[in-house]
Each structure stands twice: as structure tokens, then as C-alpha cells.
Amino acid sequence: AQKVTQAQTEISVVEKEDVTLDCVYETRDTTYYLFWYKQPPSGELVFLIRRNSFDEQNEISGRYSWNFQKSTSSFNFTITASQVVDSAVYFCALSTRHSGGGADGLTFGKGTHLIIQP
Amino acid sequence: EAGVAQSPRYKIIEKRQSVAFWCNPISGHATLYWYQQILGQGPKLLIQFQNNGVVDDSQLPKDRFSAERLKGVDSTLKIQPAKLEDSAVYLCASSLAGVDTQYFGPGTRLTVL
């Protein structure tokens, strides 16, 4: 069985602070994919990043960065110099390959509600 | 490129009534997913289609939920009869066959009274 844990239910910071959202995953598969999605108040899930299990290289995209560590089964997300527009619920998710070779559905964490105060 | 389309955006029904949701995936995406997102929780997979075949429906409450994707393009999810606990947002997502990034539609918010 697969599981994704986002222990932080809600984080509130003041604009321009850095903030890290934690994600811990569990899977027995050796090939898997990790994702982060953003869900703003409008409700639509917006894809942010995908990482496969064979690529532990960290990634930076503007103010966003991701730290993938297989040794601790973690895939953490950092926003540098946060802005009010970053306020949203952020979900970490996991998928594996099914027997037919395609991708399974996503297993999501419960999400972290990030509040950026002006 | 057009995204995943869903309709209706909102639906209010009384318990024991029936309801149907429609999804049109991104053009060329062979894999289609339906998720249920209850308030305050992450989405939960209900069913996954590959073209017009079901890949995984292990979490679909089959006594009341059904879904089809007859021509391998758009899909319909039905609930009959609805219960209070079915109040949720129903999300449709699609992905290219063999590629794992799923793109989501805006969702249908269902309220069962």
C-alpha cells in the first residue's frame, strides 16, 4: 500500500519569509513518481513538479525549490521570499506503474494550507 | 491547448436523487481519472480508464457509483442514489498514455441535502 503524509496541516508566515512544506511517502515499488500540486481558492489543482524515483537531483524553479531524499523518503518543497499569491493548499502525491506499464492513479497527502500574510 | 473540461461546475440535489458529471480530457490523452475530494482532504481516486477500458475501479462504490468512457474520449460519472456523504468535489484528470503527469479539470462541487 502507498501512503503520503503531510504532517503540517496549516502554515502561516509573513510575506517575504521562506517556508518549507514537508512530504513523507511510503511505497514498496522501486519505480515511482512524486508530485506537488497547488490548489488555490478557485479549487483547480495546478501541477507544479514531477520527480521520478531514479532522479534525486534537486530542482529549482524561480522562487520554488524541491528537495528529494530517498534515504528519508521525503520530497520537501520550499518557497523562497513568499508572496501573498502563494497562499493555497499544497498537495504532495505519489504514483507507481501498474502491471500494464501505465501510471497508477495518484495517492495524495491531506494537504498543507499555506497562508501568506501581507 | 485546451485543458480538461468538466460540467456542471456546481450541483445541489437531495439525498436519494441521481446525478451525472461529464468530463472531456485534453486532446490526445488516453488515460482519464475520476477523483473525489471531500472538504479538508486530498483527492481520492475513484476510477481510471485507459482509452475506453477500466484500469482500476477498486475504490469506486459500485453499489451507487458508475462511470463510462464509451468512445475513449469523454467520460460520465453517475451517482444513483446519492447519499449525504457524497457531498464533495469530483475532479477529472487526464494524462498521455505512458506518461505520468496528470492534469486536472476545475471540478464539480456536489452538495447533497
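Bear in mind that the values here come from a model prediction, so they are computed numbers and not experimental data.

## Some details on the overall build of chain B
Point 1. The secondary structure content of chain B amounts to zero helices and 11 strands.
Point 2. Secondary structure elements of chain B, listed N to C terminal, follow the sequence β-β-β-β-β-β-β-β-β-β-β.
Point 3. Taking 13 Å as the expected radius of gyration for a compact globule of 113 residues, we find that chain B reaches 13 Å, a close match to that expectation.
Point 4. About 5500 Å² of surface is accessible on chain B, with carbon and sulfur atoms providing 51% of the total.
Point 5. Charge-centre separation for chain B: the mean point of 12 positive side chains lies 7 Å from the mean point of 10 negative side chains.

## Side note on the pairing of strand β10 (residues 88–96) of chain A
Residue and element names in this part refer to chain A.
Point 1. Of all nine residues making up β10, eight are buried, and the element is well covered by its neighbours.
Point 2. Pairing of strand β5 (residues 32–39) with β10, which is carried by eight bridges, proceeds in the antiparallel orientation. Paired with Tyr32 across the two strands is Thr96, which belongs to β10.
Point 3. Examined bridge by bridge, β10 and strand β12 (residues 112–117) share three bridges and lie antiparallel to one another. Across the sheet, Tyr90 pairs through a bridge with Thr112, a residue of β12.

## Describing the layout of surface pockets
Point 1. Here the largest pocket defines a volume of roughly 600 Å³.
Point 2. Going through the elements one at a time, β10 and β12 of chain A together with β9 (88–95) and β11 (108–112) of chain B are the ones with two or more residues in the lining of the largest pocket.
Point 3. With three residues, the single largest contributor to the lining of the largest pocket is β10(A).
Point 4. Among the residues forming the lining of the largest pocket, the class breakdown is 12 nonpolar, 13 polar and three charged.
Point 5. Roughly 320 Å³ of volume is contained in the second largest pocket.
Point 6. Together, 15 residues line the second largest pocket, and Val4(A), Phe108(A), Gly109(A), Lys110(A) and Gly42(B) are the ones closest to its centre.
Point 7. The residue inventory of the lining of the second largest pocket, partitioned by class, reads four nonpolar, eight polar and three charged.

## Examining the state of the cysteines
Residue and element names in this part refer to chain A.
Point 1. Per the stated rule, a full pass over the model turns up two disulfides over all chains.
Point 2. In this model Cys23 forms its disulfide with Cys92; the gap between the sulfur atoms is 2.0 Å. Torsion about the S-S bond of the Cys23 and Cys92 cystine: about -65°, corresponding to left-handed handedness. Residue Cys23 is found in the loop between β3 (19–21) and β4 (24–26), and its partner Cys92 is found in strand β10; the two are separated by 69 residues along the sequence. In terms of burial, Cys23 and Cys92 fall into one category: buried.

## Thoughts on the pattern of salt bridges
Point 1. Counted according to the given criterion, the structure contains five salt bridges over all chains.
Point 2. In this structure, the salt-bridge partner of Asp86(A) is Arg63(A), at a minimum N-O distance of 2.8 Å. Of this pair, Asp86(A) sits in the loop between β9 (74–79) and β10 while Arg63(A) sits in the loop between β7 (59–61) and β8 (64–69), placing them 23 residues apart in sequence.
Point 3. Among the residues examined, Arg63(A) registers a relative accessible area of 24% and is labelled partly exposed.
Point 4. Asp86(B) serves as the salt-bridge partner of Arg64(B), at 2.5 Å between the closest nitrogen and oxygen. In this pair, Arg64(B) sits in the loop between β6 (53–56) and β7 (65–68) while Asp86(B) sits in the loop between β8 (75–79) and β9, placing the two residues 22 residues apart along the sequence. Grouping residues by exposure puts Arg64(B) and Asp86(B) together as buried.

## Quick word on the interface of chain A and chain B
Point 1. At the interface, 20 residues of chain A touch 21 residues of chain B.
Point 2. Taken over both partners, the interface formed by chain A and chain B buries close to 1600 Å², and the fraction arising from carbon and sulfur atoms is 50%.
Point 3. On inspection of chain A and its partner chain B, the count reaches five residue pairs in polar contact (both at pLDDT 80 or more).
Point 4. Those elements that place two or more of their residues in the side of chain A that touches chain B are β5, β6 (46–52) and β10 of chain A.
Point 5. Looking at the side of chain A that touches chain B, the element that brings in the most residues is β5(A), giving four residues.

Basis of the calculations
Here the residue index of a chain counts from 1 through its sequence in written order. As they are written, the chains are lettered A onward and the ligands numbered 1 onward, keeping that order. In keeping with the predicted nature of the model, local features appear solely for residues at pLDDT of at least 70, side-chain atom pairs appear and are counted solely at 80 or more, and the whole-chain, interface and lining totals rest on all residues. Side-chain figures throughout are based on the complete set of non-hydrogen atoms in the structure, without hydrogens or water. Numbered from the N terminus, helices here are DSSP runs of H or I no shorter than four residues, and strands are runs of E no shorter than two. Each radius of gyration is computed over the set of C-alpha atoms, and the globule rule expresses the reference value as 2.2 Å times the number of residues to the power 0.38. Areas reported as accessible are Shrake-Rupley estimates using a 1.4 Å probe. Residue values count occlusion only from the protein chains shown. Positive: Lys, Arg. Negative: Asp, Glu. His and the chain ends are not part of the count. The location of each charge is read from NZ of Lys, CZ of Arg, CG of Asp or CD of Glu. Partly exposed describes any residue whose relative accessible area lies between the buried limit of under 20% and the exposed limit of over 50%, with all areas from a 1.4 Å probe on protein chains only and scaled to the type maximum. When DSSP finds two or more bridges between a pair of strands, those strands are recorded as paired. For each structure, a 1 Å grid was placed over the protein atoms alone; sets of points admitting a 1.4 Å probe that cannot get out are labelled cavities, open sets with protein on both sides within 12 Å along at least five of seven lines are labelled pockets, and lining residues have an atom within 4 Å of a point. Grid points are joined across faces, edges and corners, and a volume is the space filled by probe spheres set on the points. When residues are sorted by character, Ala, Val, Leu, Ile, Met, Phe, Trp, Tyr, Cys and Pro go into the nonpolar class, Asp, Glu, Lys and Arg into the charged class, and all the rest, Gly among them, into the polar class. Pairs of cysteine sulfur atoms within 2.5 Å are identified as disulfides in what follows. Here, a salt bridge means any side-chain nitrogen of Lys or Arg that lies within 4 Å of a carboxyl oxygen of Asp or Glu. Contacts between residues were defined by any pair of non-hydrogen atoms, one from each residue, lying within 4.5 Å. Throughout, the accessible surface (probe 1.4 Å) given up by two parts as they are put together, summed over both, is called the buried area. Distance and chemistry together define a polar contact, namely a pair of N or O atoms within 3.5 Å, with one atom able to donate a hydrogen and the other to accept it when in protein, and with adjacent residues in sequence counting only for side-chain atoms on both sides.

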